[in-house]
Amino acid sequence: MGRSTVHYADSETNNILKRLHNKLRPAGTPIERVEYIIELLLLRIFEAKLKQDETFTPLRRLFEGENYRLLFSHLLSLTGDQVLSELNKNIFRFTPPSLPKPDR
């Protein structure tokens, strides 16, 4: 089986996804990491639309102040362990099989 890579048309998004993939590399199975990266890509696309698309203008104010932490770009300022913690607590859960599953 060949090595999976992440490619996206936007080079900035491509570089961000590669960095996040490297941060997540020790966590979970390859399939889990790919699923997680797809979710992160959707989060990145939403943020790009939020910033650029006029139809998203009313939503922009919802992500000001403390809610900035819910945006994809906030993840870039965190280390690998912090990214996992931030995503699990505030966005969506990703629990590799080697870690205990959080109570829901």
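Refer to the structure presented above.
Residues numbered from 1 in each chain as written. Predicted model: local features only at pLDDT ≥ 70, side-chain atom pairs only at ≥ 80, totals over all residues. Heavy atoms only, no water.

For this particular structure, what's the right way to read helix 5 (residues 80-91)?
Helical geometry: 3.6 residues make up each α-helical turn, so side chains three or four residues apart lie on a common side. Here helix 5 is twelve residues long and its end C-alpha atoms lie 15 Å apart, about the 16 Å a rise of 1.5 Å per residue gives. Buried within helix 5 we find Val83, Leu84, Glu86 and Leu87. End-on, the buried residues of helix 5 take up no more than an arc of 165°, which puts them together on one face. What points out from helix 5, more than 90 degrees from its buried face, is the exposed set Asp81 and Lys89. (Helix = DSSP H or I, 4+ residues; strand = E, 2+ residues; numbered from the N terminus. Expected span 1.5 Å × (residues − 1). Buried < 20%, exposed > 50% of the residue type's maximum accessible area, 1.4 Å probe, protein only. Arc of directions from axis to C-beta.)

Help me out: how do you make sense of helix 2 (residues 30-52) in this one?
For helix 2, with 23 residues, the first-to-last C-alpha span of 32 Å sits near the 33 Å given by 1.5 Å per residue. Turning to helix 2, its buried residues are Arg33, Tyr36, Ile37, Leu40, Leu41, Leu43, Arg44, Glu47 and Leu50.

How do you make sense of the pattern of salt bridges when you look at a structure like this?
Close approach of charged atoms lets side chains of opposite charge pair. Tallied over the full model, the rule gives two salt bridges. Residue Arg69 is joined to Glu66 by a salt bridge in which the shortest nitrogen-to-oxygen separation is 3.4 Å. With relative accessibility at 61%, the residue Glu66 sits in the exposed group. (Salt bridge = Lys/Arg side-chain N within 4 Å of Asp/Glu carboxyl O.)

How do you make sense of the nonpolar core when you look at a structure like this?
Counting twelve residues, the largest nonpolar core consists of Ile16, Leu20, Tyr36, Leu40, Leu43, Phe72, Leu75, Leu78, Val83, Leu84, Leu87 and Phe92. Elements represented by at least two residues in this core include exactly helix 1 (11-24), helix 2, helix 4 (72-75) and helix 5. Ignoring anything within four residues of it in the chain, the contact list for Phe72 reads Ile16, Leu20, Leu40, Leu43, Arg44 and Glu47. (Core = buried A, V, L, I, M, F, W, Y, C linked by side-chain atoms within 4.5 Å. Contact = heavy atoms within 4.5 Å.)

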